[in-house]
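# Structural description and commentary
Each chain is listed here by its residues.
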Amino acid sequence: MADNYLERKMEEHRRATPQRKSSTVPTKGKLSFNFPPRRVVLFDLDDNIVAQLAKAYGETGCRVAIYPETSVITDGARLISSTNNPEFDFVGVLKAWGDIDIVVSSTESTILDKALQSILTNRESLPYPNDYGLRLILINKSTTPTTDIFTKYSPCVIDTKEPISPDMISKIVRSALFLSINEMTTTNIQL
């Protein structure tokens, strides 16, 4: 009887003890890192780029909002009703999320400037500082800046060429995720 008792106890112990996970060896050509969830606004981008970026940011656990509303179906993304006043349009997102961490845009207009100012104005009312800051990622199709956004916000820039092919969109998405990492400083990526 004692032998049977010990065998049963050992079997129970084996079932209760979690199996050791084998160490994973990095795959050649792949890079892996932790990506903390962020609050992201995709601002005035092409529908094809919006769909891919919303999917990529969503898969990393980020909250995604899209301005202006788009016909692209994106799971889990919040569409911002578009008016001519982006400060007003961002109020709902800022109330729901408290803050916005990343803005990805293909425009460098005064509309974008007003939207960024509304985010910064909202931050002044927060009881705690945002340790991440406000990351602006511009997908730039020209090399000459047309506004003072470059000097005001020091954006990270992804320079692209026209026309933007599907292969180029996947490069833009990977570059945008890379530029969203905490330790990144103002960087330009030439595609």
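One numbering rule holds for all chains: residues counted from 1, following each sequence as written. In keeping with the model being predicted, local features are shown solely for residues with a pLDDT of at least 70 and side-chain atom pairs are shown and tallied solely at 80 or more, while totals for entire chains, interfaces and linings include all residues. The basis for every side-chain value is the complete set of heavy atoms in the structure, and neither hydrogens nor water enter the calculation.

### Some thoughts on the overall build of the protein chain
A helix here means a DSSP run of H or I that spans at least four residues, while a strand means a run of E at least two residues long, and both kinds are numbered starting from the N terminus. Counting its secondary structure elements, the protein chain contains 7 helices and 7 strands. Listed by position from the N terminus, the elements making up the protein chain come as α-β-α-β-β-α-α-β-α-β-α-β-α-β. Working definition: with a 1.4 Å probe on protein chains only, accessible area under 20% of the residue-type maximum means buried, over 50% means exposed, and in between means partly exposed. When each of the 191 residues of the protein chain is scored for burial, the buried share is 40%. If you take every contact in the protein chain between residues at least 6 apart in sequence, the share linking residues at least 24 apart comes to 59%. With the model as given, the accessible surface of the protein chain reaches about 12000 Å², and the carbon-plus-sulfur share is 52%. We call two residues in contact when some of their heavy atoms are within 4.5 Å. Only the protein chains shown count as covering a residue, and every accessible area follows the Shrake-Rupley method with a 1.4 Å probe.

### Let's talk about the packing of aromatic side chains
Two descriptors summarise a pair of aromatic rings, namely the distance from one centre to the other and the angle between the planes of the rings. For Phe, Tyr and Trp, where Trp contributes only its six-membered ring, two rings pair if their centres lie within 6.5 Å, and the inter-plane angle classes them as stacked under 30 degrees, edge-to-face over 60, or tilted in between. Per the counting criterion, the structure on display carries 4 aromatic pairs. Plain terms: the ring middles of Phe 35 and Tyr 57 are 6.4 Å apart, the flat faces sit at 55° to each other, and that makes the pair tilted. In this pair, Phe 35 is assigned in the loop between helix 1 (2–16) and strand 1 (39–43) and Tyr 57 in helix 2 (residues 47–59), connecting sequence segments 22 residues apart. No difference in accessibility class separates Phe 35 from Tyr 57, as the two residues are buried. Each residue in the set Phe 43, Tyr 67 and Phe 90 is aromatic and connected to the rest through ring pairs, giving one cluster.

### A word on the environment of Arg 39
The topology assignment puts Arg 39 in strand 1. Taking the C-alpha atoms as reference points, Arg 39 and Gly 98, separated by 59 residues in sequence, lie 9.4 Å from one another. Discounting chain neighbours no more than four positions away, the residues touching Arg 39 are Arg 63, Trp 97, Gly 98, Asp 99, Ile 100, Asp 101, Ile 102 and Asn 130. Among the polar contacts listed, one links the side chain of Arg 39 to the backbone oxygen of Asp 99, at a separation of 3.4 Å. N or O atoms closer than or at 3.5 Å make up a polar contact, with two conditions inside protein: a donor-capable atom paired with an acceptor-capable one, and, for residues adjacent in sequence, both atoms drawn from side chains.

### Observations concerning the nonpolar core
For our purposes a nonpolar core is just a set of buried Ala, Val, Leu, Ile, Met, Phe, Trp, Tyr and Cys residues, chained together by side-chain atoms within 4.5 Å. Among the nonpolar cores identified, the biggest contains 29 residues, and Leu 42, Leu 45, Leu 53, Tyr 57, Val 104, Ile 137 and Ile 139 are the most heavily contacted of them. For Leu 42, the contacting residues outside a window of four places in its chain are Val 50, Leu 53, Ala 54, Tyr 57, Val 64, Ala 65, Ile 66, Tyr 67 and Val 104. The next biggest cluster of nonpolar side chains, apart from the first, holds 19 residues, and it includes Ala 65, Val 93, Ile 100 and Tyr 153.

### Considerations on helix 2
Expected helix span is taken as 1.5 Å per residue step, with the number of steps being one fewer than the number of residues. In this model helix 2 runs 18 Å from its N-terminal to its C-terminal C-alpha over 13 residues, within 8% of the 18 Å that 1.5 Å per residue would give. Of the positions making up helix 2, those classed as buried are Ile 49, Val 50, Leu 53, Ala 54, Ala 56 and Tyr 57. Each element contacted by the buried residues of helix 2 is listed here: strand 1, strand 2 (63–67), strand 4 (102–105), strand 5 (135–140) and helix 7 (166–179). The distance from a side-chain oxygen at the start of helix 2 to the backbone nitrogen of Asn 48 is 3.2 Å, and the residue carrying that oxygen is Asp 46. Once helix 2 ends, the next one or two residues include Gly 61, with phi positive near 100°.

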